[in-house]
Amino acid sequence: MAYDGAQVQDYLGKTHATSSLTDGEKHLVGLAVTMTRGCQVCTRNRIVKARAAGIGDEVINALVEVVAAVNAGVTAATAREGFRLADESEAEACGALCSAAAPAGR
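Residues numbered from 1 in each chain as written. Predicted model: local features only at pLDDT ≥ 70, side-chain atom pairs only at ≥ 80, totals over all residues. Heavy atoms only, no water.

Quick look at the overall build of the chain now. A tally of helices and strands in the chain yields four helices and zero strands. Seen in sequence order, the chain has helices and strands lined up from the N terminus as α-α-α-α. Of all 106 residues assigned to the chain, the portion counted as buried reaches 14%. In the chain, the proportion of contacts linking residues at least 24 apart, taken out of those at least 6 apart, comes to 44%. (Helix = DSSP H or I, 4+ residues; strand = E, 2+ residues; numbered from the N terminus. Buried < 20%, exposed > 50% of the residue type's maximum accessible area, 1.4 Å probe, protein only. Contact = heavy atoms within 4.5 Å.)

Here it is as structure tokens:
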């Protein structure tokens, strides 16, 4: 079965229909998401749309700094938790696998 993007387009239409955010804010949220996802083409498209909506490069660059800082924080927190889990699993008793009676090389 071929891909049908109708559901995605419907969802995007609904998210853009909200009156809780200005059009400029919607453009900035969209740009932040595409930068986080790492798609350079989508990011370019979002920058073009943001500029067309009157958002200046100073604001876009400020957004880039915030997104980069948040992503760096998430990366650091993920690594810290990974280290904690690794240390925790090393401290767990390994039972028969580590016993003196286990065959050599195991």
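For the rest of this paragraph, the subject is the side chain of T43. For T43, the location among the structural elements is in helix α3 (residues 40–52). The exposure class of T43 is buried, given its relative accessible area of 13%.

Here the focus is the packing of helix α2 (residues 23–37) against α3. Following both chains from N to C, one finds α2 and α3 inclined at 165 degrees, their axes separated by 9 Å at the closest point. Considering the angle they form, α2 stands roughly antiparallel to α3. The way α2 lies across α3 gives a crossing that is left-handed. Contact residues: α2 offers H27, G30, L31, T34 and M35, while α3 offers C42, T43, R46, I47, K49 and A50. Along the lines of polarity and charge, the residues of the contact of α2 with α3 split into five nonpolar, four polar and two charged. (Axes fitted to C-alpha atoms, helices over the stretch in contact; angles between N-to-C directions. Parallel < 35°, antiparallel > 145°, perpendicular 65-115°, else oblique. Left-handed = near helix turned anticlockwise from the far one by under 90°. Nonpolar A, V, L, I, M, F, W, Y, C, P; charged D, E, K, R; others polar.)

Enumeration according to the criterion identifies five salt bridges in this entry. Put simply, R84 and E81 hold a salt bridge, and the shortest N to O gap is 2.5 Å. Of this pair, R84 and E81 both sit in helix α4 (residues 57–91), separated by three residues, roughly a single helical turn. The partly exposed category is assigned to R84, whose relative accessible area is 39%. Taken together, the salt bridges that share partners define one network made up of E81, R84 and E88. (Salt bridge = Lys/Arg side-chain N within 4 Å of Asp/Glu carboxyl O.)

The next subject is α3. Taking 1.5 Å per residue as the helical rise, α3 with its 13 residues ought to reach 18 Å, and the 18 Å between its terminal C-alpha atoms agrees with that figure. T43, R46 and A50 are the residues of α3 that are buried. Taken end-on, α3 shows its buried residues confined to a sector of 65 degrees, consistent with a single buried face. After α3 finishes, the residue G54 shows a positive phi value of roughly 95 degrees. (Expected span 1.5 Å × (residues − 1). Arc of directions from axis to C-beta.)

Mapped onto the fold, C42 is located in helix α3. Since its relative accessible area comes to 34%, C42 is described here as partly exposed. On a C-alpha basis, the gap between C42 and L31 in space is 8.3 Å, while along the polypeptide they are eleven residues apart.

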